[in-house]
Amino acid sequence: MRPEFVTTQIVSLILLTNARSDSGSSWAHVSPATNEHAAGHRVLGATLPTLTTDLRTPDEQQVIAALRAGDELAFATLVDQYTPSMLRVARMYVATKEAAEDVVQETWLGVIRGIEAFEGRSTLKTWMFRILVNRAQTRGERDSRTTPFSSLSTSSVDAGEHEPAVDPSRFVENGRWTGWWSQPPSAKHLPEAHVLGAESGTLLLAAVDALPDSQKIVITLRDIHGLTSEEVCDLLRISEVNQRVLLHRARAKVRGALEDYMNDGGGNA
Amino acid sequence: MRKPDMRCTDLVEEVSDWLEGGLSDDRRQLLEEHVSFCPGCCVYLEQTRAAVHAISFDIVADDLAAGGDAPSPAMRSALLEAFRASHSID
């Protein structure tokens, strides 16, 4: 039986994790709590992966070197890995699947042409997505397609329709406890770390796919691909405030999808 | 009882900023205090973190490819051809 409530020890472990993070999404390693409560709250005390936003890792350097050396397998692997995301992003700018394929193909040709001169001032990944978005925008304009952001003015994202992160009916609406949970998320609906189950990836990607384009593109670049907030704002030419709002809304929906998935009995391997 | 400055309805709107390290010190403290006594929000925060982690590329790369967006054989061979050609110049 999994207890519903968490101990302050576990909670402070979580808080310690994030208290160390600087701006940008980096999490420190948290080692599993060793006390009695850990067994029942394993998911909360579990080791969180280190997520770095600086992707100038040795791996990326190796990829760049391999491409420059003419390593076809390295190039083919990169194409296989990133084309799906590139197609999804391109599709937000252009009118047809075929146009998206053209844009992605042009992007890869741009990578081939530019890799020698690539200076590494950004990550390889960011550079590739920048080429992609530029080409997608150009093609989109040429095909007179509206962009993911054309329907949004700055003000409408900032101040505009409030889009609550959670259904308001889940909170108390009257009396002294106004604003507190009336239907809180349950600890039963926390996935066991690392054991989300094979279906969850597909399911959560479906939730991402269902987002409005502006939210989809931000969460794709930020959370799927790990680009920094500065890189995404620069690439998409949106303000930091807009980016934060879009990311927040996107994450809220994906969290909701995860909660629904857990509620339906998913995530139990 | 003094009314707390952060309620659950506030927290769920600020969790993303907290994950980004983008809250002011005051808001961050309020949020962390709130989480320490509110199990619902503690779970909410962890769900958000888990969801964000679960869609990271390392984890979903295969799902992305399986979603029917893998490069077509024609695209692949054209690109490999171009790659080869770019390296055959002496």
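Everything here concerns the structure above.
What counts and how
Residues numbered from 1 in each chain as written. Chains lettered and ligands numbered in written order. Predicted model: local features only at pLDDT ≥ 70, side-chain atom pairs only at ≥ 80, totals over all residues. Heavy atoms only, no water. Helix = DSSP H or I, 4+ residues; strand = E, 2+ residues; numbered from the N terminus. Rg over C-alpha atoms; globule rule 2.2 N^0.38 Å. Contact = heavy atoms within 4.5 Å. Areas by Shrake-Rupley, 256 points an atom, 1.4 Å probe, with all protein chains shown as cover. Lys, Arg positive; Asp, Glu negative; His and termini not counted. Charge placed at Lys NZ, Arg CZ, Asp CG, Glu CD. Buried area = accessible area lost by both parts, 1.4 Å probe. Salt bridge = Lys/Arg side-chain N within 4 Å of Asp/Glu carboxyl O. Polar contact = N/O pair within 3.5 Å; in protein donor to acceptor, adjacent residues only side chain to side chain. Nonpolar A, V, L, I, M, F, W, Y, C, P; charged D, E, K, R; others polar.

Participant: Would you mind going over the overall build of chain B with me for this structure?
Facilitator: Within chain B, the regular secondary structure consists of five helices and zero strands. Going residue by residue from the N terminus, the α and β elements of chain B occur as α-α-α-α-α. Over its C-alpha trace chain B gives a radius of gyration of 23 Å, far above what one expects of a compact globule, namely 12 Å for 90 residues. In terms of overall dimensions, chain B has a C-alpha envelope of 80 × 30 × 15 Å along the principal axes. Taking as baseline every contact in chain B between residues at least 6 positions apart, the subset at least 24 positions apart corresponds to 42%. When the accessible surface of chain B is split by element, carbon and sulfur atoms take 50% of a total near 4100 Å². Taking the average location of the 8 positive side-chain charges in chain B and that of its 17 negative ones, the two points are 6 Å from each other.

Participant: In this structure, what is going on with the interface of chain A and chain B? I would like to understand it.
Facilitator: Many analyses report the size of an interface as the accessible area lost when the parts associate. Opposite the 79 residues of chain A that make contact, chain B presents 56 residues. With both chains or domains summed, chain A and chain B bury close to 6000 Å², and 69% of this area falls on carbon and sulfur atoms. Inspection of the chain A/chain B interface yields six salt bridges. Measuring nitrogen to oxygen at the nearest pair gives 3.1 Å for the salt bridge that ties D17(B) to R244(A). The interface formed by chain A and chain B includes 16 residue pairs in polar contact (both at pLDDT 80 or more). Among the secondary structure elements, those contributing two or more residues to the side of chain A that touches chain B are α1 (8-19), α4 (58-68), α5 (72-90), α6 (97-114), α9 (198-209), α10 (213-224) and α12 (240-263) of chain A. By residue number, the principal contributor to the side of chain A that touches chain B is α5(A), which donates 12 residues. Looking at the side of chain A that touches chain B, its residues break down into 44 nonpolar, 20 polar and 15 charged.

In short, shape yes, function no, at least from these values alone.
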